[in-house]
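What follows is the residue order along each chain.
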Amino acid sequence: MADILHRIGIKSSSIDDVYRALTTREGLAGWWTSNTKGEGDKVGNIIEFRFGAGGFDMKVTDLNMPDHVEWTVVAGPDEWVGTTIIWDLKQDGDYVIVLFKHLNWKEPIEFMHHCSTKWAIFLMSLKSLLETGRGTPDPNDVKIDNWN
């Protein structure tokens, strides 16, 4: 199995604000994709994320307010289905540290390389949303290659 791992620090934001950006439709649409349906605030909920190149459905599998969010991919590209996405949050001085994990890829194929870079782009969008009030969700995100 292969995993995508990232760490970012979000300055001048409360851990509760970061948690809300990961668990509400409005928050998710503000940094990941403007075409977001559903709420991530209850275990068992399905959140639908749509992009120009396709989309994903995530089932909320674990929540521990304000420091843990976990999703399982239940629909989307075959490479994503069955993978787990985890957000662990902690306050560290003026920063909320986000430890991001996209776990259990079957193998580190070329698509995983693309997704790792895109996750980094979208994590920077999350950081921007919370630090400046404006993220760059799809379709306004940085395009990195011919797959998006």
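Quick note: structure is the one above.
Figured I'd write up the structure that's included with this text. Computed from a predicted model, the values in this text were never measured in an experiment.

Within the open sheet, the seven strands sit side by side as β1-β7-β6-β5-β4-β3-β2. Their pairing is antiparallel. Each edge of the open sheet is held by one strand with a lone partner, namely β1 (2-11) and β2 (35-37). Within the sheet, the average angular offset between the axes of one strand and its neighbour, ignoring direction, is 20°. Where β1 lies against strand β7 (residues 95-105), nine bridges are found, and the strand directions are antiparallel. Directly across from Gly9, in β7, lies its bridge partner Ile97.

What follows covers the nonpolar core. Ranked by size, the top nonpolar core spans 39 residues in total, and within it Trp31, Trp32, Trp71, Trp80, Trp87 and Leu126 carry the most contacts. Sorting elements by how many residues they give to this core places helix α3 (residues 110-132) first, with nine residues. Residues in contact with Trp31, not counting those within four places in the same chain, are Ala21, Leu22, Trp87, Trp119, Phe122, Ser125, Leu126, Leu129, Thr136 and Pro137.

Bringing the pairing of β7 into the picture now. For a regular strand, the rule is simple: side chains alternate between the two faces of the sheet. Looking at chain direction, strand β6 (residues 84-92) and β7 are connected through nine bridges and run antiparallel. Note on β7: the bridge partner recorded for Leu89 is Val98. Following β6, the chain reverses through two residues before pairing antiparallel with β7; Gly93 in that reversal takes a positive phi of roughly 65°.

Scanning all chains against the criterion turns up 20 aromatic pairs. Aromatic pair Trp32 and Phe122: ring centres 6.5 Å apart, planes at 75°, arrangement edge-to-face. Residue Trp32 is found in the loop between α2 (25-31) and β2, and its partner Phe122 is found in helix α3; the two are separated by 90 residues along the sequence. For Phe122, a relative accessible area of 4% gives the class buried. Taking 4.8 Å as the distance between ring centres and 65° as the angle between the ring planes, the aromatic pair formed by Trp87 and Phe100 counts as edge-to-face. Of this pair, Trp87 sits in strand β6 while Phe100 sits in strand β7; the two residues are 13 residues apart in sequence, bridging distant segments of the chain. Exposure remark for Trp87: the relative accessible area of 0% places this residue in the buried category.

The next point concerns the layout of surface pockets. In this structure, the largest pocket spans a volume of roughly 380 Å³. Forming the boundary of the largest pocket are 20 residues, of which Phe51, Ala53, Phe56, His114 and Trp147 lie nearest the centre. Contributing elements (two or more residues each) for the lining of the largest pocket: β4 (54-64) and α3. It is α3 that provides the largest number of residues to the lining of the largest pocket, a total of six residues. Residues belonging to the lining of the largest pocket are distributed by class as follows: 11 nonpolar, five polar and four charged.

Here we come to the environment of Ala120. Among the structural elements, Ala120 can be located in helix α3. Given the relative accessible area of 28%, Ala120 is considered partly exposed. Remark: the alpha-carbon pair of Ala120 and Glu107, spanning 13 residues in sequence, is separated by 19 Å.

Let's shift gears to the pattern of salt bridges. Tallying each qualifying case throughout the model produces seven salt bridges. One salt bridge in this structure joins Arg20 and Asp17, with 2.4 Å as the shortest N-O distance. You can see Arg20 and its partner Asp17 sitting in helix α1 (residues 15-23), three residues apart, about one turn around the helix. Of the residues examined, Arg20 reaches a relative accessible area of 40% and is grouped as partly exposed. For Asp17, a relative accessible area of 31% puts it in the partly exposed group. Three or more residues joined by partner-sharing salt bridges are found here, namely Lys118, Asp138, Asp141 and Lys143.

The rules behind these values
Residues numbered from 1 in each chain as written. Predicted model: local features only at pLDDT ≥ 70, side-chain atom pairs only at ≥ 80, totals over all residues. Heavy atoms only, no water. Pairing = 2+ DSSP bridges. Helix = DSSP H or I, 4+ residues; strand = E, 2+ residues; numbered from the N terminus. Axes fitted to C-alpha atoms, helices over the stretch in contact; angles between N-to-C directions. Core = buried A, V, L, I, M, F, W, Y, C linked by side-chain atoms within 4.5 Å. Buried < 20%, exposed > 50% of the residue type's maximum accessible area, 1.4 Å probe, protein only. Contact = heavy atoms within 4.5 Å. Phe/Tyr/Trp six-rings, centres within 6.5 Å; stacked < 30°, edge-to-face > 60°. 1 Å grid on protein atoms, 1.4 Å probe; cavity = no way out; pocket = protein on both sides within 12 Å on 5 of 7 lines; lining within 4 Å. Points joined across faces, edges and corners; volume = space filled by probe spheres on them. Nonpolar A, V, L, I, M, F, W, Y, C, P; charged D, E, K, R; others polar. Salt bridge = Lys/Arg side-chain N within 4 Å of Asp/Glu carboxyl O.

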